[in-house]
Amino acid sequence: MFRKFSKQESVSSFAQVKTSVQRGIRANICAQYPILEEGGTIDLLIPKKENVVIAKCEGKIEIVCVNNVPLFYKTRDTPYFPTLKILHKYPQMMPKLRVDTGAIKFVLSGANIMCPGLTSPGATMHDEVDKETPVAIYAENKEHALAIGYTSMSTEEIRTVNQGVGVETIHCLNDGLWKNNHLE
Amino acid sequence: MADINNADGGDEGAAEPLTPEVVEYEPVTGVPPEFCEYLPKDDFLKALPWLAENRSLEWMQANCKKYKNFDKIFESQDTLEEKLKDLSVSTSAREPEPKLLPGGKKKKKQKLEILIERSVRNKRKCITSVTGLDVFGIKLAEAAKLMGKKFASGCSVVKHPTGVSMIETQGDNQYEIAELIMKKYKDKDIKEEHFFSVVKQKKSPLF
């Protein structure tokens, strides 16, 4: 999704949102990632007093920015995803799936994750998730997440079908969004 | 707040905000060091000097498996350092490549010139448009506001379909604009010879 993302070309408008909308966004994010709400972590990410800016981009992507730093993003028909920087800070927030070494190269260039990459001996599925859930993608022998995906099958299906795209890669290391750490 | 929560729930861990984990990023490429080997080879070579300095040999061996010839390099420490030196020299000696736009197009080297064009709108009313300020690193929106204030007129940034954006102001004020720009943006090193006035698509020096 963010492979060819760039500040100048992809972002069509910035708009500061009303506090009521901001509250809505916060509530949505909290509902999705309850762990952020528990200890008030969300207040560190999106302080109530800080202005939230939404960057609208091509492909109906909306990026939630605080202090010009992109934090979360969504499209019209997906829930909110955190950026990898956020995920690296709070790795507990999302269910994890781990791919084998062979897949890393492809994932890093933005390819979707095929089922065999998730079921082979090197890979593990830490959590059971349903279809259409945001997940963090980890890799064999590596400590940190390398991508954020959106499952197109449930983990059970991935195991039984074992063919085709299991997880759509939304955002990965070194893609456009990763490089654009600052949106103004 | 925190005290009350603790008294209520009694669960201290849950009431505290999570402590963010600090992930170390490799400064040149900006990714966690363990993923450097999966970057394009050029980027990996750029990251190498840092990796060699900040990571142990074992770590390098474990995390750079992709490059087979590295086994040879790793045979003894001396050669490793030498090799790395060679590598870093070769990377730094290379000429900086032309900056690529995300689409893969090469960025054109832009000429340092400011074009000022006057177009007649309605017999005695005209529009002055200024192109090329962005090349000097001037923020167009800011400059437009400045001019609008200075000339007490409408002033806006117009984006052309060709990708060039210009500032348009009401009224005929070619020279005033040039002077204003030179005065306001002294630090950008703009001189009189950078200004050109455009008449019927022909360029001539303004001063």
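Residues numbered from 1 in each chain as written. Chains lettered and ligands numbered in written order. Predicted model: local features only at pLDDT ≥ 70, side-chain atom pairs only at ≥ 80, totals over all residues. Heavy atoms only, no water.

Thoughts on the overall build of chain A
- Each helix and strand in chain A was counted, giving nine helices and 11 strands.
- A total of 184 residues make up chain A; the buried ones form 54% of that total.
- In chain A, of all internal contacts separated by at least 6 residues, the share reaching a separation of at least 24 is 61%.
- Accessible area for chain A stands at about 8500 Å²; split by element, carbon and sulfur atoms hold 47% of it. (Helix = DSSP H or I, 4+ residues; strand = E, 2+ residues; numbered from the N terminus. Buried < 20%, exposed > 50% of the residue type's maximum accessible area, 1.4 Å probe, protein only. Contact = heavy atoms within 4.5 Å. Areas by Shrake-Rupley, 256 points an atom, 1.4 Å probe, with all protein chains shown as cover.)

Quick word on the environment of A:Ser120
- Relative to the helices and strands, A:Ser120 resides in the loop between α7 (116-119) and β8 (124-125).
- Along the sequence, A:Ser120 and A:Asn162 sit 42 residues apart, while their C-alpha atoms lie 9.7 Å from each other.

Regarding the interface of chain A and chain B
- In this complex, chain A contributes 27 residues to the contact, which on the side of chain B involves 22 residues.
- Summed over both partners, the interface of chain A with chain B comes to about 2200 Å²; 60% of that surface belongs to carbon and sulfur atoms.
- By the criterion of area lost to chain B, the three top residues of chain A are A:Lys142, A:His144 and A:Asn174, representing 22% of everything that side buries.
- Here chain A and chain B share one salt bridge between them.
- Put simply, B:Glu37 and A:Lys142 hold a salt bridge, and the shortest N to O gap is 3.0 Å.
- Remark: the boundary between chain A and chain B carries seven residue pairs in polar contact (both at pLDDT 80 or more).
- Contributions of two or more residues to the side of chain A that touches chain B are made by α3 (34-38), α4 (41-45), α5 (84-89) and α6 (101-108) of chain A. (Buried area = accessible area lost by both parts, 1.4 Å probe. Salt bridge = Lys/Arg side-chain N within 4 Å of Asp/Glu carboxyl O. Polar contact = N/O pair within 3.5 Å; in protein donor to acceptor, adjacent residues only side chain to side chain.)

Digging into the pattern of salt bridges
Residue and element names in this part refer to chain B.
- Within the structure shown, the criterion is met by four salt bridges over all chains.
- The salt bridge partner of Asp172 is Arg118, with a shortest N-O separation of 2.9 Å. Of this pair, Asp172 sits in the loop between β4 (165-170) and α8 (174-184) while Arg118 sits in strand β1 (residues 114-120), placing them 54 residues apart in sequence.
- Overall, Arg118 belongs to the partly exposed group, its relative accessible area being 38%.

Considerations on a positive patch on the surface
Residue and element names in this part refer to chain B.
- A grouping of Lys150, Lys183, Lys184 and Lys186 is seen on the molecular surface, where their side chains present a positively charged patch.
- For Lys150, the location among the structural elements is in helix α7 (residues 140-151).
- A residue is classified by how much of its surface remains accessible, and Lys150, at 51% relative accessible area, is exposed. (Patch = residues over 30% accessible without salt bridge, like charges linked within 9 Å, V, L, I, M, F, W, Y side chains within 5 Å. Lys, Arg positive; Asp, Glu negative; His and termini not counted. Charge placed at Lys NZ, Arg CZ, Asp CG, Glu CD.)

Notes on the packing of aromatic side chains
Residue and element names in this part refer to chain A.
- A full pass over the atoms with the stated rule returns five aromatic pairs over all chains.
- With 5.5 Å between their ring centres and 80 degrees between their planes, Phe81 and Tyr150 make a pair best called edge-to-face. Of the two residues, Phe81 is situated in strand β5 (residues 81-82) and Tyr150 in strand β10 (residues 147-151); the sequence distance between them amounts to 69 residues.
- Overall, Tyr150 belongs to the buried group, its relative accessible area being 10%.
- Pairwise contacts between aromatic rings join Phe2, Phe5, Tyr73, Phe81 and Tyr150 into one cluster. (Phe/Tyr/Trp six-rings, centres within 6.5 Å; stacked < 30°, edge-to-face > 60°.)

A word on the nonpolar core
- Core analysis: the biggest nonpolar cluster contains 76 residues, and A:Ile63, A:Phe72 and A:Leu146 have the highest contact counts within it.
- Here this core takes six residues from helix α3 (residues 41-54) of chain B, the largest share from any one element.
- Those residues in contact with A:Leu146, other than ones at most four positions away along the chain, are A:Leu84, A:Ile104, A:Val107, A:Leu108, A:Ile137, A:Tyr138, A:Ala139, A:Cys172, A:Leu173 and B:Phe35.
- B:Phe136, B:Ile177, B:Ile190 and B:Phe195 belong to the second-largest nonpolar core, a separate cluster that totals 21 residues. (Core = buried A, V, L, I, M, F, W, Y, C linked by side-chain atoms within 4.5 Å.)

Focus on the layout of surface pockets
Residue and element names in this part refer to chain A.
- Reported here for the second largest pocket is a volume of approximately 250 Å³.
- In terms of lining, the second largest pocket is formed by 17 residues, of which the most central are Val69, Pro70, Leu71, Ile86 and Lys89.
- Where the lining of the second largest pocket is concerned, the elements lending two or more residues are α4, β4 (69-74), α5 and α9 (176-179).
- Sort the elements by how many residues they give to the lining of the second largest pocket and α5 lands first, with four residues.
- For the lining of the second largest pocket, the residue count by class is 11 nonpolar, four polar and two charged.
- Both of domain 1 (7-82) and domain 2 (89-172) provide at least three residues apiece to the lining of the second largest pocket. (1 Å grid on protein atoms, 1.4 Å probe; cavity = no way out; pocket = protein on both sides within 12 Å on 5 of 7 lines; lining within 4 Å. Points joined across faces, edges and corners; volume = space filled by probe spheres on them. Nonpolar A, V, L, I, M, F, W, Y, C, P; charged D, E, K, R; others polar. Domains from an automatic or database assignment.)

Focus on the environment of A:Ile86
Residues and elements named next belong to chain A.
- In this structure, Ile86 sits in helix α5.
- Ile86 gets classed as buried once you look at its relative accessible area, which sits at 3%.
- For the pair Ile86 and Leu45, spaced 41 residues apart in the sequence, the C-alpha separation amounts to 8.7 Å.

Some remarks on the confidence of the model for chain A
- With 100% of its residues at a pLDDT of at least 70, chain A reaches an overall mean of 87.
- Predicted confidence in chain A is weakest over helix α1 (residues 7-10) of chain A, with a mean pLDDT of 78, and strongest over β5(A), with 92. (pLDDT = per-residue confidence, 0-100.)

Considering α8(B)
- Those residues of α8(B) lying buried are B:Gln174, B:Ile177, B:Ala178, B:Leu180, B:Ile181 and B:Met182.
- The inward-facing, buried residues of α8(B) abut β1, β2 (126-131), α7, β4 and β5 (195-199) of chain B.

Regarding a negative patch on the surface
- Residues B:Glu176, B:Glu179, B:Glu192 and B:Glu193 make up a contiguous surface patch of negative charge.
- Tracing the chain through its elements places B:Glu179 in helix α8.

As for the side chain of A:Gln22
Residues and elements named next belong to chain A.
- With respect to the helices and strands, Gln22 occurs in helix α2 (residues 19-32).
- Among the residues examined, Gln22 registers a relative accessible area of 5% and is labelled buried.
- The residues touching Gln22, leaving out its near neighbours within four places in the chain, are Val17, Ile46, Pro47, Lys48, Glu50 and Val52.

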